[in-house]
Amino acid sequence: MAINNPYATYQNNAVNTSTPGELTLMLYNGCLKFIEQAKRALDDNKIEEKNSAIQKAQAIINELMLTLDTKVPVAQNMLILYEFANSRLIDGNIKNDPALFDEASTIIMEFRDTWKQVIQINRQKQYANGNNI
């Protein structure tokens, strides 16, 4: 219950009050978190935990792919990179190879860092135009 768990309440409020851009950033961060969890589980030979974490990371990547507006040319390139990252997670999961997880992480980190910059630029523009929300 969120009432009994202040952290859950905080997380719930963070999601409910975030902009779509901030939600996308949360997805990237969540994906990276799950990939790291999978790597730690693999190091500890906890194969079920590794598999579960990778499946969560894959679910996030699938959500990111579904929300792409493929009418925008750059979205096609993003889709290819998402698919490649997803394939690295699948192969890494099957082969128990953390190097493949790292390949996926690198791609997701690039997206996350770029997205973070876009959010910062948009905020600067909003404040410069007097739209301090």
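Residues numbered from 1 in each chain as written. Predicted model: local features only at pLDDT ≥ 70, side-chain atom pairs only at ≥ 80, totals over all residues. Heavy atoms only, no water.

Our next topic: the environment of D69. You can see D69 is positioned in the loop between α3 (47–66) and α4 (73–95). Among the residues examined, D69 registers a relative accessible area of 44% and is labelled partly exposed. (Helix = DSSP H or I, 4+ residues; strand = E, 2+ residues; numbered from the N terminus. Buried < 20%, exposed > 50% of the residue type's maximum accessible area, 1.4 Å probe, protein only.)

Once that is clear, we can look at the nonpolar core. Counting residues in each nonpolar core, the largest one holds 25 residues, and the members touching the most others are I61, Y82, L89 and I108. Going through the elements one at a time, α2 (20–43), α3, α4 and α5 (98–128) are the ones with two or more residues in this core. Apart from the residues lying within four places of it in its own chain, the contact partners of L89 are I35, I54, A57, Q58, I61, F101 and A104. (Core = buried A, V, L, I, M, F, W, Y, C linked by side-chain atoms within 4.5 Å. Contact = heavy atoms within 4.5 Å.)

As a rule of thumb, non-glycine residues mostly have phi less than zero, and peptide bonds are mostly trans rather than cis. Not every positive phi belongs to a glycine, and N45 is a case in point at roughly 60°. Along the chain, N45 turns up in the loop between α2 and α3. For N45, a relative accessible area of 60% puts it in the exposed group. Even without being a glycine, N96 presents a positive backbone phi close to 50°. A relative accessible area of 33% places N96 in the partly exposed class.

At a closest axis distance of 7 Å, the pairing of α4 and α5 adopts a crossing angle of 155°. In terms of their interaxial angle, α4 and α5 are classed as roughly antiparallel. Between α4 and α5 lies a crossing of left-handed hand. Listed contacts from α5 to M78, L81, Y82, F84, A85, R88, L89, D91, G92, N93 and K95 of α4 are L100, F101, E103, A104, I107, I108 and F111. Looking at the contact of α4 with α5 residue by residue, the class counts come to twelve nonpolar, two polar and four charged. (Axes fitted to C-alpha atoms, helices over the stretch in contact; angles between N-to-C directions. Parallel < 35°, antiparallel > 145°, perpendicular 65-115°, else oblique. Left-handed = near helix turned anticlockwise from the far one by under 90°. Nonpolar A, V, L, I, M, F, W, Y, C, P; charged D, E, K, R; others polar.)

For the rest of this paragraph, the subject is the pattern of salt bridges. Working definition: two side chains of opposite charge can pair if their charged atoms are close together. Under the defined criterion, the tally for this structure stands at six salt bridges. The salt bridge involving K39 is made with D102; its shortest N-O contact spans 2.4 Å. Here K39 is found in helix α2, whereas its partner D102 is found in helix α5, with 63 residues between them in sequence. Classification of K39 as buried rests on a relative accessible area of 18%. Taken together, the shared-partner salt bridges in this structure form one network comprising E36, K39 and D102. (Salt bridge = Lys/Arg side-chain N within 4 Å of Asp/Glu carboxyl O.)

Glancing now at the packing of aromatic side chains. In the structure shown here, the tally under the stated rule is two aromatic pairs. Taking the centre distance of 6.1 Å and the plane angle of 5° together, the rings of Y28 and F111 count as stacked. Of this pair, Y28 sits in helix α2 while F111 sits in helix α5, placing them 83 residues apart in sequence. Aromatic side chains Y82 and F111 sit 4.7 Å apart centroid to centroid with 35° between the ring planes, which places their arrangement in the tilted category. Within this pair, whereas Y82 is found in helix α4, its partner F111 is found in helix α5, the two being separated by 29 residues in sequence. The exposure classification of Y82 matches that of F111, with both residues buried. (Phe/Tyr/Trp six-rings, centres within 6.5 Å; stacked < 30°, edge-to-face > 60°.)

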